[in-house]
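Fold and geometry: a report
The lines below spell out each chain.
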Amino acid sequence: MSNSILTIDMITRKALEILENSLVLTRTVNRQYDDSFAVEGAKIGSTLRIRLPDRALVTDGAALQVQDDNEQYTTLTVSSQKHIGVNFTTAELTMQLDDFAERVLKPRISQLASSIDADVANSFKYIGNSVGTPGTTPATSLVLLQAQQKLNENAAVMQPRYATVNPAANAALIEGMKGLFNPVSAISKQFKNGMFGEGILGYDELNMSQSIKQFTTGSRAGTVTVSTTVTTEGSTSIVLTGLSTTTIKAGDVFTIANVYAVNPQTRESTGSLYQFVALADVTASTTATVTVPAMYSASQALATVDALPVSGAAVTFLGAASTQYPQNLIYHRDAISFATADLLLPQGVDMASRQVHNGISLRVVRQYDINNDRLPCRIDVLYGYSVIRPQMAVRLWG
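All values derive from a computational prediction rather than experimental measurement.

**What to know about helix α2 (residues 97-120)**
Taking the largest bend as the criterion, α2 deviates by roughly 55°, centred on L105, and proline P107 comes between one and four positions later. Three or more residues of α2 are buried, namely F100, A101, V104, L105, I109, L112, A113, I116, D117, A118, D119 and V120. Where the residues of α2 are buried, they touch α1 (8-22), β4 (80-87), β19 (336-341) and β22 (376-387).

Following this line, the structure appears as structure tokens:
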């Protein structure tokens, strides 16, 4: 009896299954699939527009006060195409699918998944909310609960919430929390595989990823203050002064004296200074204009702070200057959006297939190379990501 031959669709479905199972951070964020390019094929640079929830002010009394719709949009650019190249022969196509996956697909697909996760881990650069002590590996339940506090103060939906930490934080947290009154099944899982698992301290999952990023802060030397009072609602820049020749890096977090965060539902101060994040690199000489997320005072529907920054207010940066810190991530699923689009299926090749599952589109193409008598194959994903609701995410500094 002759062996059955693996088809390209079987291989593509298996490759997609392995990719999805290998993803850590990307698996737990909002995944949107755009099928509008399914016929012609998507290109790098294509954009998706994502609508954000409307926010309005509550009015006291019987008199009607109608407010205009205040819907916000953000754009996600499909900007990354990653692939893994692999050769598989006609003889290998006669193997059992599981054997083929173990020997040919898994070693390569896991690297593709890690590369995608590493891209999405750069989301920290758009998130100001921070907990933990820079330079200290988180090792207690307190930092995880403080992150929950930040999410609650920002009116994040309770579920699903996730934490993705690097190997050092994973080891320290499990060691530091081993004496807590946990369910027997959770303790058993931690003991057996050194991982947290599900349903810990209000998180749907606490995961470990080797793709968590290290962030090097800017050199930002000097006694820094606000140079110019911010007077415009929705402003996205702050002028700082007191800097020597120095840098502020995209991802640097700082607070400003007497500028407190507000709960977006009640618009009342949380009692914690608002944590601004620099969205672009700046090289400063005495003064610097820093790009930040839009600021709105407590009287506005889109309120983020209780009052806009004023001239002379002291500025304090998080972490030491020019120092590297791990950026573990804690987030509600809808804080970060990941989208894939269909790549073109070429004609006139040996084999080609495209499959979609759970918001991920993957393409496999194999072609005969007559010059070298080989059958090279490529496995591609075209994707983009965006931090669409940064207030629903927190950086856990290590």
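**A closer look at the sheet that holds strand β16 (residues 282-295)**
The strands that make up a sheet are held in pairs by hydrogen bonds between backbone atoms, and each pair lies either parallel or antiparallel. Across the sheet, which stays open at both edges, the three strands sit in the order β10-β11-β16 with antiparallel pairing between neighbours. Edge strands, defined here as strands with exactly one partner in the open sheet, are β10 (222-226) and β16. The mean angle between the axes of side-by-side strands here comes to 20°, regardless of whether they run parallel or antiparallel. Here β10 pairs with strand β11 (residues 235-248) via three bridges, running antiparallel. Paired with T225 across the two strands is T241, which belongs to β11.

**Re the pattern of salt bridges**
One pass over the structure, following the stated rule, counts 13 salt bridges. Residue K106 pairs with E102 through a salt bridge whose shortest N-O separation is 3.2 Å. Taken together, the residues span about one helical turn, with K106 and E102 both in helix α2 at a distance of four residues. Owing to a relative accessible area of 37%, K106 belongs among the partly exposed residues under this scheme.

About the criteria used
- Per chain, the residues get numbers from 1 upward, laid out in the order the sequence is written.
- Given that the model is predicted, a residue must reach a pLDDT of at least 70 before its local features are reported, and side-chain atom pairs must reach 80 or more before they are shown or counted; all residues, however, enter totals for whole chains, interfaces and linings.
- Note that water and hydrogens are dropped before the side-chain values are worked out from all heavy atoms of the structure.
- One fitted axis covers the seven residues ending at a residue, a second covers the seven starting there, and the bend at that residue is the angle between these axes.
- Elements are defined by DSSP. Helices are runs of H or I of four residues or more, strands are runs of E of two residues or more, and each kind is numbered from the N terminus.
- Accessible area is worked out with a 1.4 Å probe on protein chains only. A residue is then buried under 20% of its type maximum, exposed over 50%, and partly exposed in between.
- Note on contacts: a residue pair qualifies if any of its non-hydrogen atoms lie within 4.5 Å across the two residues.
- In this description, strands pair whenever DSSP reports at least two bridges between them.
- Lines fitted to the C-alpha atoms define the axes, with helices restricted to the stretch that makes contact. Angles between their N-to-C directions range from 0 to 180 degrees.
- Salt bridge criterion: a side-chain nitrogen from Lys or Arg within 4 Å of a carboxyl oxygen from Asp or Glu.

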